[in-house]
Amino acid sequence: MTPIDAKLSMRASIQCDVVFDAVRLGPEALLPGAMGLRGPFSCLNEARYGIAWGAMGAARDSYEAALEYAGSRMQFGKPLASYQLTQEKLVNMVLEIQKGTLLALHLGRLKDAGKLHPEQISAGKLNNVREAIKIAREARTILGGNGITLDYPPMRHANNLESVRTYEGTDEVHMLILGQHITGVPAFR
Ligand SMILES: Cc1cc2nc3c(=O)[nH]c(=O)nc-3n(C[C@H](O)[C@H](O)[C@H](O)COP(=O)(O)OP(=O)(O)OC[C@H]3O[C@@H](n4cnc5c(N)ncnc54)[C@H](O)[C@@H]3O)c2cc1C
């Protein structure tokens, strides 16, 4: 197992190259009660559902950092928050955070009712991560030069969300799951 160094995303967690060579497993290694790939896929569904919430958390933290900064950073004798272009950025962030959070809440209610389908989880993961990374990047612009430092969270969130776009099903894979659901035609290979 070799740790992967020099990462630009998720720097606080360790990922490793794992090599399996001539590994044989007995029946005791099977997931209890799982048949085929259904067991591992159900784990993925849990994680992907959680990401729909987590991405909105990163987006909200980015927005709140930008809002606070915009209220205190003065330019030409007025706070950044008083400029219409800044307000447009903040409003667009709030709209997407509210929509994404409501989507996650809706998925959670379906999950509680035992009615949540995998393609609905794909919609939540794809949409909320995609919008969260846009929000984190937009929040970074409000912070100006300070936004590229470790003093503020938006750029850290944006960089970490690059990983989230890739793990637990890439944007492309979730797009293909939804494409298949809509058209009935699989385009995975
Ligand atoms: C920080 C981090 C943590 C991770 N943690 C885990 C973990 O805990 N467990 C785990 O199992 N994995 C983990 N992964 C791995 C992750 O699941 C894979 O990186 C991901 O599945 C993509 O596989 P790949 O890197 O081999 O890219 P590739 O499969 O080479 O894909 C590269 C690009 O091509 C696209 N692509 C590939 N095939 C197709 C296709 N048929 N049609 C259209 N586009 C396609 C992909 O969407 C992607 O954009 C982690 C990754 C990261 C970055």
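Rules and cut-offs
- Residues numbered from 1 in each chain as written.
- Predicted model: local features only at pLDDT ≥ 70, side-chain atom pairs only at ≥ 80, totals over all residues.
- Heavy atoms only, no water.
- Helix = DSSP H or I, 4+ residues; strand = E, 2+ residues; numbered from the N terminus.
- Rg over C-alpha atoms; globule rule 2.2 N^0.38 Å.
- Buried < 20%, exposed > 50% of the residue type's maximum accessible area, 1.4 Å probe, protein only.
- Near = heavy atom within 4 Å.
- Polar contact = N/O pair within 3.5 Å; in protein donor to acceptor, adjacent residues only side chain to side chain.
- Areas by Shrake-Rupley, 256 points an atom, 1.4 Å probe, with all protein chains shown as cover.
- Nonpolar A, V, L, I, M, F, W, Y, C, P; charged D, E, K, R; others polar.
- Expected span 1.5 Å × (residues − 1).
- Contact = heavy atoms within 4.5 Å.
- Core = buried A, V, L, I, M, F, W, Y, C linked by side-chain atoms within 4.5 Å.
- Salt bridge = Lys/Arg side-chain N within 4 Å of Asp/Glu carboxyl O.
- Phe/Tyr/Trp six-rings, centres within 6.5 Å; stacked < 30°, edge-to-face > 60°.
- Patch = residues over 30% accessible without salt bridge, like charges linked within 9 Å, V, L, I, M, F, W, Y side chains within 5 Å.

> Which residues make up the overall build of the protein, and what are the values?
Along its length, the protein carries 5 helices and 4 strands. Its helices and strands in sequence order give the protein the pattern β-β-α-β-β-α-α-α-α, from N to C terminus. At 20 Å, the protein has a C-alpha radius of gyration far larger than the 16 Å of a compact globule built from 189 residues. Of all 189 residues assigned to the protein, the portion counted as buried reaches 30%.

> Tell me about the site of the ligand, and please be specific about residues and values.
Lining the immediate environment of the ligand, one finds Met10, Gln15, Ser163, Thr166, Tyr167, Thr170, Glu172, Leu176 and Phe188. One of the side-chain N or O atoms of Thr170 is found 2.7 Å from an oxygen atom in the ligand. A distance of 2.8 Å is found between an oxygen atom of the ligand and a side-chain nitrogen or oxygen belonging to Glu172. Calculation on the ligand without its partners gives an accessible area of 970 Å², and the protein chains cover 35% of this total. Looking at the shell around the ligand, the elements that each hand over two or more residues are helix H4 (154-166) and helix H5 (171-183). For the shell around the ligand, the residue count by class is 4 nonpolar, 4 polar and 1 charged.

> Break down H4 for me, citing the residues and quoting the values.
Taking 1.5 Å of rise per residue, the 13 residues of H4 would be expected to cover 18 Å, and the 19 Å separating its terminal C-alpha atoms lies within 8% of that figure. Along H4, the residues classified as buried are Pro154, His157, Ala158, Leu161, Ser163 and Val164. Those residues of H4 hidden inside the fold are in contact with helix H1 (38-72) and helix H3 (118-142).

> For the side chain of Thr86, give the residues involved together with the corresponding values.
Within the secondary structure, Thr86 sits in helix H2 (residues 84-112). The buried category is assigned to Thr86, whose relative accessible area is 11%. Of the polar contacts made by the side chain of Thr86, one reaches the backbone oxygen of Leu80; its length is 3.1 Å. With residues near it in sequence (within four places) discarded, Thr86 still touches Ala70, Leu80, Ala81 and Ile142.

> Residues and numbers for the nonpolar core, please.
One recurring pattern in soluble globular proteins is that nonpolar side chains are buried together. Of all hydrophobic cores here, the largest spans 25 residues; its most connected members are Leu90, Met93 and Leu161. Among the secondary structure elements, those contributing two or more residues to this core are H1, H2, H3 and H4. A per-element tally of this core places H1 first, with 9 residues. Formed by 5 residues, the second largest nonpolar core is a distinct cluster that contains Tyr49, Leu107, Leu116 and Ile121.

> Could you give an account of the pattern of salt bridges, with specific residues and numbers?
For the structure shown, the criterion picks out 6 salt bridges. In this structure, Lys134 and Glu131 form a salt bridge, with 3.2 Å as the shortest nitrogen-oxygen distance. Residue Lys134 and its partner Glu131 are located together in helix H3, separated by 3 residues, close to a single helical turn. In this structure Lys134 comes out as partly exposed when scored by relative accessible area, which is 46%. Of the charged contacts in the structure, one is a salt bridge between Glu162 and Arg137, with a shortest N-O distance of 2.3 Å. Placement of the pair is Glu162 in helix H4 and Arg137 in helix H3, with a sequence separation of 25 residues.

> Please provide a residue-by-residue account of the packing of aromatic side chains, values included.
In this structure the tally under the stated criterion is 1 aromatic pair. Their ring planes at 85° and their centres at 5.5 Å tell us that Tyr69 and Tyr152 sit as a pair that is edge-to-face. Note that Tyr69 is positioned in helix H1 and Tyr152 in the loop between H3 and H4, a separation of 83 residues in sequence. Owing to a relative accessible area of 11%, Tyr69 belongs among the buried residues under this scheme. In this structure Tyr152 comes out as partly exposed when scored by relative accessible area, which is 26%.

> Explain a nonpolar patch on the surface residue by residue, including any values.
A cluster of nonpolar residues, Met1, Val18, Phe20, Val23 and Leu25, forms a patch on the protein surface that exposes about 640 Å² of accessible area. Of note, Met1 is situated in the segment before strand E1 (2-3).

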